[in-house]
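Structure at a glance
One-letter residues, chain by chain:
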Amino acid sequence: MAVCLQPAGYRDTLSAEGQQTLEERAMAGSSIGRRKIVQAALYGGTGLALSGALSGAWAAEQVSFADIGVGDPGGDWSRYTKATGGDTVNLVSIGNAPSAILNVLIAGGGTKTYDLINIVGGMQKPLVENGLIEPIDTARLPNWAKDSYIAQYLKPGTPGFDFIGYDGKIYGVPTVLQGDSFAYLPEATGPLDSYGALFDAKWKGYVALEDNYTTAGQKTALYLKASKQASIGDPANLTPAEMKTVVDFLIAKKKEGQFRTIWSSFEQAVNLIVSKEVKVIDCWEPMVFVAKSKGVDAVYAAPKEGYLLWAMAAYLVKNPGRSPARTKAAYALLDFMLGGWYGATITDLRGYMTNPEAPAYARQHPGEFPAAKAERIAAIDAGVKKKFQQGGTWQQRWPTAVDAYEAEWARFKAA
Amino acid sequence: MSRAHERVAVWTRHGLLALPIAFVAVFLVAPLLFSIAIGFWQRVGFRVQPAFRLDAYAEFFGSVRLLVLERGLIVAAEATAIGLLLAYPVAYFLVFRVTRSAARVVLALFTLPFLVNYIIRTFSWSWLLSRTGPVNKALATTGLTHAPVDWLLYSDFAVLLGLVTSTMPFMIFPIYLALMGLDRRLLEASWTLGASPARSFLRVTLPLSLSGVFAALVFGFTGAFGDSAVPIILGGPGYQLMGNAITSTLDVLNYPLSAAMSSVVVAVMLLLLLCWYLAFDLQSFLGKMLRWRF
Amino acid sequence: MTRNPLAQALLWFVLALILAVLYLPLLPPFLASVGVGGPEGGDGFTWRWYASLGDNPLLAGAIASSLAAALITAVAAPFLGLLAAMAVRELKAPRVILLLVLLPLFIPGVSLGLAIALFLRELDLAPALWSIALVHILWALPFATLIILTAMASFDPVYLEAAYLSGAGRFRAFREIELPLIRPGILGAASFSMILSFNETIRTSLVQGPLNTVQTYIWSTYLQVGLSPALYALMSLLVLLTVLLLALSLAAGRRS
């Protein structure tokens, strides 16, 4: 694209100007000659500046993209490279824990190495207050306006906005949207519809929780509130005392032998389902997809307490030293990630809902997405939309009392 | 002329020998001191401010996180002891009962599994030991059990198994080297003097191999204590060692607490090293080296 | 020393048993890489995961970084370890030097990685391959030093004294007398360093900068999206390659 923007004859003009300055330089010596040199230089300089502005990046930019794994379209960024006329993507796979993400930006590669970082959203508070990300100018993203999910689910003033915005400004581009609950093996448990199943003594020793106080903790709080076993104000933002109550409950269950284990990775959770090591497990939906593909009948529950909604956000790393060309390439990448092909690929590979164009793109390009895949993408998209319709609570990734959360969770694990 | 020459030679040599010390001093000691200092600093929002407060240490010692330290020390000691009980006989066997080339092959075989990523290997164990995994299936077919054995996985047994299998091979090699370097004439002298094989072993072989045993203990203990993967993959609900606990505090950017916990770990390890220094005369460890006078 | 053949066979059997337990966890990844079993079951025997290894540019870059870091570590760590071992026995404070060199072992991985990362940031040094190698060398140094020290501990300096008496310089005496005798220690230190570098994940993750290593890539995908059997295929290939290399070197050794 950049090459096409530059008319063929412009370079010739430039070299003519260049030639002109050479001639002027040859006349150096006389003051008139010198003034002409300065004039020629100015003209030449303006010409260069103009040509730079018109043609965009002369050299190809490589956008450094730190990603927790979900955002990798199988290594294929060719469509982005084609669309931007040569810009490439260097994807760096990082761990998904807040410590890994925050410390890799604060210390590790730092803000000077990475241009974009794609993680589970809701982390704006620590990221912004540590000066690690900058607001996104959505006007530079043509696909933003086309993404109706953003308008629908992530409106300013709603808890969804907290996944991409902070202090009224938008910081993250929502690349993935999803709702969490839990999974179970129906042949062993029959249909289940409440988070209470995770704590049901019937399945003692056959339950696993996620090692994450913002998901498992919040689900427990939702259940305790709905079943009136504890007085909890906002399950998404517990006070230290409320969190203590939740953890006391969990410790009691742990001591009874309710939990087989507390998992901390995708691979572990999938294994627990596929090997039928547990019957009820607090997990993410893609794990159920994998289990089903391996022939294990697992169901992702629709709990009456509601789903836990979340979104992945791609943030622009705050780097005042970044060149405008690189920033442009980064914005192009953000826009690309809101596009149809990327959305369809990620939905297919990872099992999450991405953007509204994804199912349509998949259907319209049977060469890239065979009918079965397109159907699957549409089904996943519809499934997640249904979850949003059924309603739920937005996950709170950085609660006000997050220190208390962490200390209490440590107490749960050490018990 | 030759005196100056000599002095230059000595200084170059000292400079060269000081290289690793300088390397460690710059890239390790300096960051370490900095991180120890942070353990005393104060948290202000997300930042840390220089101060001298014992809040972080108080929080660590007054909380359940201390249990993690205790458990770590105990399980690391157990794993190291088991590892040593396995590694020493293996090394002994390879040195005294097996040809050199066969020993080299076996040693290579012990290191091969480490080419497979550690996470993958540990995760493999969690599948092997699961309720529906091959081990339980084998036990069921042989009729030894009627139901899947639960304690094979997500238990202290699994953690010990994971730690021992990951550190024991590291322990074999230094003991092997120490035994290989043993002067056989000393053993022969012992036999000639009428000592039984067991006595010869206890009085001659074992003391002379202490340098290797020391290295093996260091490898084993630090490897087991510092393991972050085995506890969360093979351990019971919430099982964690110090590495996991520190990562958890970093999740909320609690730098002083994580620094305090790291400092405690380093202090404990240094204490153990000090005990060794005191209990064992460096002479027996460094052996003939201490006769070096140049 | 009489060698009871029955006792010998029994001991070999026990050794084989120990090795079998160590090799057991290698089987599931291999089975998964050819599609016939392992943690997530398989669709049937297939070579497609091996074939797909070339498709992922991310993995290719990660392999290159890991290999480069491992080679640098395998050379630098034994070298520094040798110097450190010599320093322990020659300079006046063996215990302090030993302590310094063993220090990287005592610091929890995540703390070490973070401390060095912050340190590098203060010095305004951008992380790259060199910072990954640095962290690996720091981690391997204590192992290398202890191994070489162990090898040296049984070396009698009287041989070197003899060499000096015969007129040899220090370096020549070292190179021709001591080095050949401690060579197994140095080679052991080198292979240990390579293995340690190849397995290093947590410390590396904080100083990797714009690079991926095989370990950090596996860690990242393991946590969030699940391991692809292609990674198992990679591991199996690596083991196979090393076995071949070992067999070749053994055959060459036997012939010479």
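Quick caveat: nothing in here was measured; it's all calculated off a predicted structure.

**Some thoughts on the overall build of chain A**
In terms of helices and strands, chain A carries 18 helices and 13 strands. In chain A, which comprises 415 residues, the proportion classed as buried is 58%. For chain A, the share of sequence-separated contacts (at least 6 apart) that also reach a separation of at least 24 residues comes to 76%. Looking at chain A as shown, the accessible area adds up to about 16000 Å², and 56% of this sits on carbon and sulfur atoms.

**A word on the environment of Ala 115 of chain C**
Its location among the elements puts Ala 115 of chain C in helix H6 (residues 109-122). Put simply, Ala 115 of chain C and Leu 206 of chain C are 91 residues apart on the chain and 9.3 Å apart in space, counted from C-alpha to C-alpha. Contacts of Ala 115 of chain C, omitting those with residues within four sequence positions, involve Pro 31 and Ser 35 of chain B.

**A closer look at the interface of chain C and chain A**
With 30 residues of chain C at the contact, the number on the chain A side is 37 residues. A buried area of about 2600 Å², summed over both sides, lies between chain C and chain A, and 52% of it is on carbon and sulfur atoms. In this structure, the connection of chain C to chain A is made through 1 salt bridge. Across the pair Asp 124 of chain C and Lys 112 of chain A runs a salt bridge whose closest N-O atoms are separated by 2.9 Å. Across the contact surface, chain C and chain A share 14 residue pairs in polar contact (both at pLDDT 80 or more). Elements with a contribution of two residues or more to the side of chain C that touches chain A: helix H4 (57-90), H6 and helix H11 (214-224) of chain C.

**Digging into the interface of chain B and chain C**
A common measure of how large an interface is: the accessible area buried when the components associate. With 86 residues of chain B at the contact, the number on the chain C side is 92 residues. Overall, the association of chain B and chain C removes approximately 9000 Å² of surface from exposure, summing both partners, and the carbon and sulfur fraction of that is 81%. Linking chain B with chain C are 1 salt bridge. Close ionic contact of Arg 13 of chain B with Glu 90 of chain C constitutes a salt bridge, the shortest N to O distance being 2.7 Å. It is helix H1 (residues 2-38) of chain B that provides the largest number of residues to the side of chain B that touches chain C, a total of 18 residues. By residue class, the composition of the side of chain B that touches chain C is 68 nonpolar, 13 polar and 5 charged.

**Thoughts on a nonpolar patch on the surface**
Residues and elements named next belong to chain C. On the surface, a cluster of nonpolar side chains totalling about 400 Å² of accessible area is made up of Leu 10, Phe 13, Val 14 and Leu 17. Looking at the element boundaries, Leu 17 is found in helix H1 (residues 5-23). Classification of Leu 17 as partly exposed rests on a relative accessible area of 47%.

**Here's the deal with the side chain of Lys 254 of chain A**
With respect to the helices, strands and loops of the structure, Lys 254 of chain A is situated in helix H11 (residues 240-255). Of the side chains with opposite charge, Asp 211 of chain A lies nearest to the buried Lys 254 of chain A, which makes no salt bridge, at 9.9 Å. Reaching out from Lys 254 of chain A, the side chain makes a polar contact with the backbone oxygen of Lys 413 of chain A at a distance of 2.9 Å. Excluding anything up to four places from it in sequence, Lys 254 of chain A contacts Phe 259, Phe 412, Lys 413, Ala 414 and Ala 415 of chain A together with Pro 237 and Gly 238 of chain B.

**Points about the nonpolar core**
Ile 273 and Ile 281 of chain A together with Phe 110 of chain B are the most contacted members of the largest nonpolar core, which has 312 residues in total. Residue contacts for Phe 110 of chain B: discarding those within four places in its chain leaves Val 90, Met 168, Pro 169 and Ile 172 of chain B together with Leu 15, Ile 18, Leu 19 and Leu 22 of chain C.

**Re the packing of helix H3 (residues 65-96) of chain B against H1 of chain C**
One can describe the packing of H3 of chain B onto H1 of chain C by two numbers: an axis separation of 11 Å at closest approach and a directional angle of 130 degrees. When the axis of H3 of chain B is compared with that of H1 of chain C, the two are oblique. At the point where H3 of chain B passes H1 of chain C, the crossing takes the left-handed sense. Across from Leu 86, Val 90, Phe 93 and Leu 94 of chain B in H3 of chain B, the residues of H1 of chain C making contact are Gln 8, Leu 11, Trp 12, Leu 15 and Ile 18 of chain C. Classifying every residue of the contact of H3 of chain B with H1 of chain C gives 8 nonpolar, 1 polar and no charged.

**Some words on H6 of chain C**
In this model H6 of chain C runs 20 Å from its N-terminal to its C-terminal C-alpha over 14 residues, within 8% of the 20 Å that 1.5 Å per residue would give. Judged by how many residues are buried, H6 of chain C sits mostly within the fold: 12 of 14 residues are covered. Buried residues in H6 of chain C make contact with helix H5 (98-106) of chain A, H1, helix H12 (242-251) and helix H13 (255-279) of chain B together with helix H7 (129-153) and helix H10 (202-205) of chain C. A positive phi of about 60 degrees marks Asp 124 of chain C, the residue just after H6 of chain C.

**Things to note about the environment of Leu 253 of chain B**
The topology assignment puts Leu 253 of chain B in the loop between H12 and H13. The sequence separation of Leu 253 of chain B and Gly 226 of chain B amounts to 27 residues, and the corresponding C-alpha distance is 21 Å.

**Some details on the packing of aromatic side chains**
Tallied over the full model, the rule gives 48 aromatic pairs over all chains. Centroid distance Tyr 149 of chain A to Tyr 153 of chain A: 5.8 Å. Interplanar angle 35 degrees. Geometry classified as tilted. Linking Tyr 149 of chain A with Tyr 153 of chain A, this pair stays in helix H8 (residues 148-153), spanning 4 residues, or about one helical turn. We note that Tyr 149 of chain A, like Tyr 153 of chain A, is buried. Judged by centre distance (5.0 Å) and plane angle (75 degrees), the ring pair of Phe 199 of chain A and Phe 249 of chain A falls under edge-to-face. Of this pair, Phe 199 of chain A sits in the loop between helix H9 (186-189) and strand S8 (207-210) while Phe 249 of chain A sits in helix H11, and the two are 50 residues apart along the sequence. Overall, Phe 249 of chain A belongs to the buried group, its relative accessible area being 15%. One aromatic cluster in this structure is built from Phe 199, Tyr 213, Tyr 223, Phe 249, Phe 259, Tyr 405, Trp 409 and Phe 412 of chain A. Note that Arg 203 of chain C overlies the ring of Trp 139 of chain C, its terminal NZ or CZ placed 3.7 Å from the centroid.

**Re the pairing of strand S7 (residues 172-184) of chain A**
All names here are of chain A. With 13 of 13 residues buried, S7 is to be regarded as a mostly interior element. The pairing of S7 with strand S12 (residues 307-317) spans 8 bridges and is antiparallel. Looking at S12, one finds that Asp 180 is bridged to Leu 308. In terms of strand pairing, S7 meets strand S10 (residues 280-283) through 4 bridges, oriented antiparallel. Each residue of the ladder has a partner; that of Tyr 184, found in S10, is Val 280.

**A look at the pattern of salt bridges**
Tallied over the entire structure, the rule returns 30 salt bridges over all chains. Between Arg 65 of chain B and Glu 406 of chain A there is a salt bridge, and its shortest N-O distance comes to 2.9 Å. Of this pair, Arg 65 of chain B sits in helix H3 while Glu 406 of chain A is found in helix H18 (residues 402-414), placing the two residues in two different chains. Assigned by exposure class, Arg 65 of chain B and Glu 406 of chain A land together as buried. In this structure, the salt-bridge partner of Arg 411 of chain A is Glu 408 of chain A, at a minimum N-O distance of 2.8 Å. Taken together, the residues Arg 411 of chain A and Glu 408 of chain A, both in helix H18 and 3 residues apart, mark about one turn of the helix.

**What about unusual backbone geometry?**
Positive phi, normally seen in glycine, also occurs at Lys 228 of chain A, with a value near 60 degrees. Inspection of the secondary structure puts Lys 228 of chain A in the loop between helix H10 (216-226) and H11. Given a relative accessible area of 73%, Lys 228 of chain A falls into the exposed group. The backbone of Leu 253 of chain B sits at a positive phi, close to 60 degrees, despite the residue not being glycine.

**Comments concerning the confidence of the model for chain B**
Residues and elements named next belong to chain B. Mean pLDDT over chain B: 88, with 95% of residues reaching 70 or higher. Within chain B, the lowest mean pLDDT, 58, falls on helix H14 (residues 282-286), and the highest, 95, falls on H3. Our summary of model confidence lists the complex with pTM equal to 0.88 and ipTM equal to 0.88.

Calculation rules
- Residues numbered from 1 in each chain as written.
- Chains lettered and ligands numbered in written order.
- Predicted model: local features only at pLDDT ≥ 70, side-chain atom pairs only at ≥ 80, totals over all residues.
- Heavy atoms only, no water.
- Helix = DSSP H or I, 4+ residues; strand = E, 2+ residues; numbered from the N terminus.
- Buried < 20%, exposed > 50% of the residue type's maximum accessible area, 1.4 Å probe, protein only.
- Contact = heavy atoms within 4.5 Å.
- Areas by Shrake-Rupley, 256 points an atom, 1.4 Å probe, with all protein chains shown as cover.
- Buried area = accessible area lost by both parts, 1.4 Å probe.
- Salt bridge = Lys/Arg side-chain N within 4 Å of Asp/Glu carboxyl O.
- Polar contact = N/O pair within 3.5 Å; in protein donor to acceptor, adjacent residues only side chain to side chain.
- Nonpolar A, V, L, I, M, F, W, Y, C, P; charged D, E, K, R; others polar.
- Patch = residues over 30% accessible without salt bridge, like charges linked within 9 Å, V, L, I, M, F, W, Y side chains within 5 Å.
- Lys, Arg positive; Asp, Glu negative; His and termini not counted.
- Core = buried A, V, L, I, M, F, W, Y, C linked by side-chain atoms within 4.5 Å.
- Axes fitted to C-alpha atoms, helices over the stretch in contact; angles between N-to-C directions.
- Parallel < 35°, antiparallel > 145°, perpendicular 65-115°, else oblique.
- Left-handed = near helix turned anticlockwise from the far one by under 90°.
- Expected span 1.5 Å × (residues − 1).
- Phe/Tyr/Trp six-rings, centres within 6.5 Å; stacked < 30°, edge-to-face > 60°.
- Lys NZ or Arg CZ within 6 Å of the ring centre and 35° of its normal.
- Pairing = 2+ DSSP bridges.
- pLDDT = per-residue confidence, 0-100.

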